[in-house]
Number of protein chains: 2
Amino acid sequence: MDMSENDLRQALFEKQAALDAQAEAVRELKAAGSDTDAVHAAVLALNALKLDKSSIEKQLQAVVSGSSSGAVTRETFRQAVINTLERRLFYLPSFKIYGGFAGFYDNGPPGCAVKSNILSFWRQHFVLEENMLEVDSPCVTPEIVLKASGHVDKFTDLMVKDEKTGTCYRADHLLKDFCKEKLEKDLSISPEKAAELRHVLAVLDDLSSEELGAKIKEYGITAPDTKNSLSDPYPFNLMFQTSIGPSGLSPGYMRPETAQGIFVNFKDLYYYNGNKLPFAAAQIGQAFRNEISPRQGLLRVREFTLAEIEHFVDPEDKSHPKFPEVAKLEFFMFPREQQVSGQSAKKMLLGEAVSKAIVNNETLGYFIGRVYLFLTSLGIDKERLRFRQHLANEMAHYAADCWDAEIECSYGWIECVGIADRSAYDLRAHSEKSAVPLVAHEKFVEPREVEKLVIAPVKKELGLAFKGNQKMVVEALEAMDEKEAMEMRSNLESQGEVEFFVCTLGKNVTINKNMVAIFKEIKKEHQRVFTPSVIEPSFGIGRIMYCLYEHSFYTRPSKAGDEQLNVFLFPPLVAPIKCTVFPLVQNQQYEEVAKQIAKSLTAAGISYKIDMTGTSIGKRYARTDELGVPFAITVDSTTSVTIRERDSKEQIRVNVDEVASVVKEVIDGHSTWADVLWRYPTHSSSAPVDE
Amino acid sequence: MDMSENDLRQALFEKQAALDAQAEAVRELKAAGSDTDAVHAAVLALNALKLDKSSIEKQLQAVVSGSSSGAVTRETFRQAVINTLERRLFYLPSFKIYGGFAGFYDNGPPGCAVKSNILSFWRQHFVLEENMLEVDSPCVTPEIVLKASGHVDKFTDLMVKDEKTGTCYRADHLLKDFCKEKLEKDLSISPEKAAELRHVLAVLDDLSSEELGAKIKEYGITAPDTKNSLSDPYPFNLMFQTSIGPSGLSPGYMRPETAQGIFVNFKDLYYYNGNKLPFAAAQIGQAFRNEISPRQGLLRVREFTLAEIEHFVDPEDKSHPKFPEVAKLEFFMFPREQQVSGQSAKKMLLGEAVSKAIVNNETLGYFIGRVYLFLTSLGIDKERLRFRQHLANEMAHYAADCWDAEIECSYGWIECVGIADRSAYDLRAHSEKSAVPLVAHEKFVEPREVEKLVIAPVKKELGLAFKGNQKMVVEALEAMDEKEAMEMRSNLESQGEVEFFVCTLGKNVTINKNMVAIFKEIKKEHQRVFTPSVIEPSFGIGRIMYCLYEHSFYTRPSKAGDEQLNVFLFPPLVAPIKCTVFPLVQNQQYEEVAKQIAKSLTAAGISYKIDMTGTSIGKRYARTDELGVPFAITVDSTTSVTIRERDSKEQIRVNVDEVASVVKEVIDGHSTWADVLWRYPTHSSSAPVDE
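About the thresholds
- Residues numbered from 1 in each chain as written.
- Chains lettered and ligands numbered in written order.
- Predicted model: local features only at pLDDT ≥ 70, side-chain atom pairs only at ≥ 80, totals over all residues.
- Heavy atoms only, no water.
- Salt bridge = Lys/Arg side-chain N within 4 Å of Asp/Glu carboxyl O.
- Helix = DSSP H or I, 4+ residues; strand = E, 2+ residues; numbered from the N terminus.
- Buried < 20%, exposed > 50% of the residue type's maximum accessible area, 1.4 Å probe, protein only.
- Patch = residues over 30% accessible without salt bridge, like charges linked within 9 Å, V, L, I, M, F, W, Y side chains within 5 Å.
- Areas by Shrake-Rupley, 256 points an atom, 1.4 Å probe, with all protein chains shown as cover.
- Lys, Arg positive; Asp, Glu negative; His and termini not counted.
- Charge placed at Lys NZ, Arg CZ, Asp CG, Glu CD.
- Core = buried A, V, L, I, M, F, W, Y, C linked by side-chain atoms within 4.5 Å.
- Contact = heavy atoms within 4.5 Å.
- Disulfide = S-S within 2.5 Å.
- Axes fitted to C-alpha atoms, helices over the stretch in contact; angles between N-to-C directions.
- Parallel < 35°, antiparallel > 145°, perpendicular 65-115°, else oblique.
- Left-handed = near helix turned anticlockwise from the far one by under 90°.
- Nonpolar A, V, L, I, M, F, W, Y, C, P; charged D, E, K, R; others polar.
- Phe/Tyr/Trp six-rings, centres within 6.5 Å; stacked < 30°, edge-to-face > 60°.
- Least-squares fit on C-alpha atoms with pLDDT ≥ 70 in both.
- UniProt positions renumbered as here; feature names shortened; annotations may be inferred.
- Buried area = accessible area lost by both parts, 1.4 Å probe.
- Pairing = 2+ DSSP bridges.
- Polar contact = N/O pair within 3.5 Å; in protein donor to acceptor, adjacent residues only side chain to side chain.
- pLDDT = per-residue confidence, 0-100.

The subject of this paragraph is the pattern of salt bridges. Residue and element names in this part refer to chain A. Tallied over the entire structure, the rule returns 96 salt bridges over all chains. Put simply, Arg623 and Asp611 hold a salt bridge, and the shortest N to O gap is 3.0 Å. You can see Arg623 sitting in helix α20 (residues 617-625) and its partner Asp611 sitting in the loop between β25 (608-610) and α20, a full twelve residues away along the chain. Judged by its relative accessible area of 37%, Arg623 is partly exposed. Each of Asp157, Arg170, Asp172, Arg289, Glu291 and Arg300 takes part in one network of salt bridges that share partners.

Here the focus is a negative patch on the surface. Residue and element names in this part refer to chain A. A surface patch of negative charge is lined by Asp205, Asp206, Glu210 and Glu211. By secondary structure assignment, the location of Glu211 is in helix α8 (residues 209-218). Judged by its relative accessible area of 41%, Glu211 falls in the partly exposed class.

Let us look at unusual backbone geometry. Residue and element names in this part refer to chain A. Each neighbour pair has its own omega, and for Leu277 with Pro278 the value is -10 degrees, a cis peptide bond. Of note, Pro278 is situated in the loop between α10 (266-272) and β10 (279-288). Even without a glycine there, the phi angle at Asn275 is positive, about 55 degrees. Note on placement: Asn275 falls in the loop between α10 and β10.

Of all hydrophobic cores here, the largest spans 95 residues; its most connected members are Trp122, Met333, Phe374, Leu375, Phe387 and Phe539 of chain B. At nine residues, the largest contribution of residues to this core is made by helix α14 (residues 362-378) of chain B. If we ignore the near neighbours within four places in the chain, the residues touching Met333 of chain B are Ala345, Lys346, Met348, Leu350, Ala353, Val359, Ile368, Phe387 and Trp403 of chain B. Core analysis: the next-biggest nonpolar cluster, separate from the first, contains 94 residues, Leu89, Met545, Tyr546 and Val629 of chain A among them.

Right, let's talk about the state of the cysteines for a bit. Residue and element names in this part refer to chain A. According to the stated counting rule, one finds zero disulfides over all chains in the structure shown. Unpaired in this structure, Cys416 has its nearest cysteine sulfur neighbour in Cys547, at a distance of 3.9 Å. Owing to a relative accessible area of 2%, Cys416 belongs among the buried residues under this scheme. We classify Cys547 as buried; its relative accessible area is 0%.

A few words on the packing of helix α6 (residues 171-185) of chain A against α8 of chain A. Residue and element names in this part refer to chain A. With their axes 10 Å apart at the nearest point, α6 and α8 run at an angle of 40 degrees to one another. By the criterion of interaxial angle, the relationship of α6 to α8 is oblique. Where α6 crosses over α8, the two elements pack in a sense that is left-handed. Where α6 abuts α8, its residues Ala171, Asp172 and Leu175 lie against Leu212, Lys215 and Ile216. Each residue belonging to the contact of α6 with α8 can be placed in one class, and the counts come to four nonpolar, no polar and two charged.

Once that is clear, we can look at the packing of aromatic side chains. Aromatic rings considered in pairs are described by the distance between their centres and by the relative angle of their planes. In the structure shown here, the tally under the stated rule is 58 aromatic pairs over all chains. Their ring planes at 50 degrees and their centres at 5.5 Å tell us that Trp122 of chain B and Phe126 of chain B sit as a pair that is tilted. With a gap of four residues between them, Trp122 of chain B and Phe126 of chain B both fall in helix α3 (residues 109-128), about one helical turn apart. On the accessibility criterion, Trp122 of chain B (0% relative accessible area) is buried. Among the residues examined, Phe126 of chain B registers a relative accessible area of 0% and is labelled buried. An aromatic cluster of three or more residues is present, and its members are Phe77, Phe90, Tyr549, Phe553, Phe568 and Phe570 of chain A.

For Thr76 of chain A, the position within the fold is in helix α2 (residues 36-87). Sequence separation between Thr76 of chain A and Phe13 of chain A is 63 residues, and the spatial gap between their C-alpha atoms is 34 Å.

The next point concerns the relation of the copies chain B and chain A. For the pair chain B and chain A, the best superposition has an RMSD of 0.5 Å and corresponds to a rotation of 179 degrees with a translation of 0.1 Å parallel to the axis. Both copies are brought into coincidence by an operation consistent with a two-fold rotation axis. For chain B, the residue whose C-alpha comes nearest the rotation axis is Thr242 of chain B, separated from it by 2.5 Å. Residue by residue, 100% of the interface of chain B is reproduced at the interface of chain A, so both copies engage with the same surface.

The subject of this paragraph is the side chain of Glu310 of chain B. All names here are of chain B. Looking at the secondary structure, you find Glu310 in strand β11 (residues 303-313). Here Glu310 is buried and forms no salt bridge, its nearest opposite-charge partner Arg422 lying at an N-O distance of 5.3 Å. Once you skip the residues sitting within four places of it in the chain, Glu310 turns out to touch Ala259, Ile262, Phe263, Phe279, Ala280, Ala281, Val534, Ile535 and Glu536.

Turning next to the UniProt feature "domain: Aminoacyl-transfer RNA synthetases class-II family profile" (unreviewed entry) in chain A. With numbering aligned to this structure, UniProt lists the feature "domain: Aminoacyl-transfer RNA synthetases class-II family profile" (unreviewed entry) at residues 79-557 of chain A. Secondary structure content for residues 79-557 of chain A is 35% helix and 30% strand, while the C-alpha to C-alpha distance between its ends is 18 Å.

Interface size is often expressed as the accessible area that is lost when the parts come together. With 77 residues of chain B at the interface, the matching set in chain A holds 77 residues. A combined buried area of about 6300 Å² lies between chain B and chain A, and 64% of that area is made up of carbon and sulfur atoms. Together, Ile97, Tyr98 and Tyr272 of chain B form the three largest contributors to the area buried by chain B at its contact with chain A, with a combined 13%. For the pair chain B and chain A, the interface holds four salt bridges. With its nearest N and O atoms 2.7 Å apart, the salt bridge here joins Asp136 of chain A to Lys115 of chain B.

A few words now on the sheet that holds strand β8 (residues 241-243) of chain A. Residues and elements named next belong to chain A. Taken together, three strands build an open sheet; the order of strands is β4-β9-β8 and the sheet is antiparallel. In this open sheet, the two strands that pair with only one neighbour each are β4 (140-142) and β8. Within the sheet, the average angular offset between the axes of one strand and its neighbour, ignoring direction, is 40 degrees. Relative to strand β9 (residues 251-254), β8 is paired through three bridges, and the arrangement is antiparallel. The partner of Ser243 across the bridge, within β9, is Pro251.

This part is about the pairing of strand β15 (residues 401-409) of chain A. All names here are of chain A. Among the nine residues of β15, eight are classified as buried, and the element is accordingly described as predominantly covered. Here five bridges tie strand β14 (residues 385-389) to β15, and the two strands are oriented antiparallel to one another. Its bridge partner lying in β15, Gln389 is registered against Trp403. If you look at the hairpin formed by β15 and strand β16 (residues 412-421), you'll find two residues sitting between the two strands.

A few words now on the sheet that holds strand β15 (residues 401-409) of chain B. Residue and element names in this part refer to chain B. Taken together, nine strands build an open sheet; the order of strands is β3-β10-β11-β21-β16-β15-β14-β12-β13 and the sheet is mixed. The outermost strands of the open sheet, each flanked by one partner alone, are β3 (133-134) and β13 (346-349). Bridging between strand β10 (residues 279-288) and β11 involves ten bridges; their strand directions are antiparallel. Of the residues in β11, the one forming a bridge with Ala282 is Ile309.

Before going further, it helps to examine the side chain of Glu257 of chain B. Residue and element names in this part refer to chain B. Mapped onto the elements, Glu257 comes out in the loop between β9 (251-254) and α9 (259-263). No salt bridge is formed by the buried Glu257. Its closest oppositely charged neighbour is Arg422, at 5.1 Å. Polar side-chain contacts of Glu257 include one of 2.6 Å to the side chain of Gln260. Sequence-distant contacts of Glu257, defined by excluding residues within four places in its chain, comprise His151, Ala287, Leu306 and Glu308.

Residue and element names in this part refer to chain A. Along helix α14 (residues 425-434), the positions that sit buried rather than exposed are Asp426, Leu427, Ala429, His430, Ser431 and Ser434. Taken together, the buried residues of α14 touch α4 (143-148), α9 (259-263), α10, β11 (303-313) and β21 (533-540). Positive backbone phi, at 60 degrees, marks Ala435, one or two positions downstream of α14.

Next up on the list: the packing of α6 of chain A against helix α7 (residues 191-203) of chain A. All names here are of chain A. Their axes nearest at 10 Å, the elements α6 and α7 cross at an angle of 145 degrees. In the packing of α6 onto α7, the handedness of the crossing is left-handed. Taken together, the residues of α7 that come into contact with α6 (itself represented by Leu175, Lys176, Phe178, Cys179, Lys180, Lys182 and Leu183) are Ala194, Leu197, Arg198, Val200 and Leu201.

Moving on to the confidence of the model for chain A. Low-pLDDT portions of the prediction should not be read for the details of their coordinates. Residues and elements named next belong to chain A. With 98% of its residues at a pLDDT of 70 or more, chain A has an overall mean of 91. Confidence drops under a pLDDT of 50 for residues 685-690, and excluding neighbours within four residues, the segment shows 14 contacts in the predicted structure. With a pTM of 0.86, the predicted complex shows an ipTM of 0.85.

So, in structure tokens, the structure goes:
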């Protein structure tokens, strides 16, 4: 919140009031036929006020557009990135020849390669290193599964309709746009009004359907395209619905997340893991969200790739043996308290965050650390990455703790990975719905003595008293929890009988001492049966990719200095193509060498692009810098060639038969560019290859 | 067709007729009060006939069940494979805790790993080696795209409904089951009837809705579960339908193939490829088929992974520069002619098949060869793999040629890869629907002179003659093709006027000499514009996986000889886990070594399983043989360990710090097991590791 903006709004508001009063005074003087000197003086005062007001307006305008000029810069940067991405086919709007469909994008060839590299690394970094159990379940999901998970009832956004055309809008988006527009463009609103609008923006996500509707009415918000009036907000389920089989009787949905496909398999996976906890299952796949009106380009789409981990753990022991490996990591964390008290994210040691209980437990902390390592290995800038804890009102009621890995890009801070301790919620929900117990067992080395509540209805007495209703009364008695049962016991002891509500009968019955025995018993238990907690790191692969594109993009002047060239700074791990092969000039000998090198690259499993055109080397470099290709191999002799590194533009000379292995070494991370730079002669500037 | 079965049916039929006649004769003799001797003789003859009939019945039964006893063996084998696959969680029925849903299966951990290995190899073998352009488009597809491709109108199966319960069945399946059952179980049908049923089975796929309905009525086929009568067959569209966005006005479908996502991007991909042909695009992704009533387990599912290639090529030049690399391959091919003439598939040199024009062109041939190499590298048995050419009636009207890679498994010969020359059909269909020309250009080095037809209507004359209809007549004249136009010109020259049908008017008009000029003109052309042909290899990944499981499965006796142990013979490329690490006995030193080896395996990117249980080594081997793990590392000292190969059970001794690199060498295919066996000491049988 900018204080000077508020002050200026206040000053402007007061000046306007003074101006109105003075204008009224002038009118009155004129109407009363006062003498011209008096009128003249009043008009001069009025003009002075007008000048003051205009000056304040200019200052306010500067302040307001100052914050939006940052937005303009971000917008320009984003446009440059997006232009490059689209031109080089990293992605393209799906079904473009049919005009495109909002919220759907294709990955083109370099985008596909980046995605496939990220997913391979994800499998290496998480599945392989942690021995996770990967599963692959269908996108089409029967209704009962998503009924149990809560998605059928609760996976909704509030929508309003243009009352004449039927066009649909997200209610919160319209209110948000209205408030922002008002704050940025309308200088005449009072400071109180401005504060109110800012408050609405702050609590937007918490507004109920009724509150949203009331605000839309109060502000007179209409349909953006037609200015028609809008319906009341109502929930729209965001799942794509379909029907399984030909009967029309088996509704299904396209899954909104891959997690449910793991939960329903818990029993088999637990068995596969030798009936031992903890273990993690993982799934990579498509998920779907039928957005009301998608915005924000690649960040808010209707179909996307998720990579999700469900780490099942004993709720009584959330320690993690490998936590010490990440405890020393230090990065931006943004705990709940800092957010509420208006502070900003601070660098913090992960070990400290866990030991101070800022992060709920070691396992959650371990995954936060692993996610940090994953994202920064891809090339996400660690200065624009933070882990933000969910506020109490953001978190599901069952969640123990939740942290989002947020990456800053031109759209602001974007949630790219959610890391949540979901406690036992999901497994319990599916246990209840399916009647299949999704539980784990802990066998005790020695049997343990535990106190158990026993409720023993005396059926003979109950039968005499309740006849045909006996069964319902017995069931209701047995269903009492410990507190209810102990209360009944003490009442029976003190009063001899109690009134007891039997919900299946819908009425009270009188229970006396002889009808039920309630007591506690010491039992020997050989095992503990419990529902595991689940810690879920969930990765939005498309969002990570988009942020990575922004973080990797930079421009630098061409050699002639007459234009800016685009470069993607991808690490070899991510780069869609690892190297290019250019014969320096069009000549059969060089082309033969290029083909020979290409063959050895293929054999080494290195993706490359060969460019035999006679275009200048500088132009060919520029073309591939724009694809983020880290190394360019230029064939300028038949025995040795030059390898040029993208960002430093440094060049080394390597023998033809060593090229593939040198490139492979650096790409696989076994050597750095600095290592090979030291080992091979650098290319002298007098040599033919130059940009 | 089995002649002896036919002979027996004929003999049985004749014997039955003789028996009926004799029985009648006996009745008549008795009714006529004939003497007991005569009756006795007649009854003896009758009994002899009965004996004869029974003997023939037995023979026929043996023949009929002889062919089905093969089926029983196959069924037993399949059950053994499936039991192992399900028990070891290669796959499991999806949403099992909710009772499962027909046609949906999950891949469990080893299944996921096998799938991911196959897809990685596919990318290496096709995308990387051929420099293909990979794309990744959404599963949700707007209706207009699938309208253009023909799926909305034609992607159907014929369905019948139980008239009382509404249960749906595939019409052809019911007819097929009826015919098979009748042939296998009913010995009394006449040879003619048997021949008819066999004919129905042969032409089943070609029957129209009416013909299918008529056969179902004729045979009195009823609903299998209820015996209720059935509706007439009607088409059911096999796409899962959904709705995009909240309005309900934008229908969409889950894509039935990934190919359309490539075709609609042709223009951008062609540009990306420098406006040059040929090039190939590829896509891996989910596809969907809302089967009426799925059968055949993993082979006929409602959601599956496809890997598809669309190779775009100049229709006038379908040669392929790399064809010589595959020309020498020899494998089973089953051309159209061999099928029609009742021969079986024969081994053939691919080069010969192309040079003899059995395979339509080199590019198609090249892909057949590459598919052969792909499948056999995975471990598909080349003796149970054939390439079958589509018969004329199987092929789409636009297709130039089509070959299926069929793999034999317990279900019979299964189509796993389709390799089709689809000519220009798909690009033309999308060009028409979208009005975006999806064409390629060939620039001529020298401009070429070509003869062009010119049709020049004389509007003044036509206006005078047809007034308001002039426009329609002009359009109809201009729309004539070359043949029609030249015919009109010669008729106008000889007769001065002609009758001409204008379809937009629905009638003939009279055209005379002065109304239109038709002639040919020599023009200079600088380029050729054409719609590329597309050659499409399309891989059903799930089907390949299932066949691979069957081809890889075998059993061998345990060391004690008291049980059969299951083994999957996966090559390292495919194996879900590359090696296991076993400390020979539970002891801290060995466990430390095991952990150290595990770490080096992770660093080398090799998936492994560590088993620290005290179970006998033999049992631990058996457990992992069943997962197809090729190598087991047993820690039996702190300095060197044994590596055991799965199929030969041979063992070598390797130093602890060399283990990971030795395993990696063999797994990456840089050495064979035979190579390392020669390099390292083999494990002597007196040493502790034994099974």
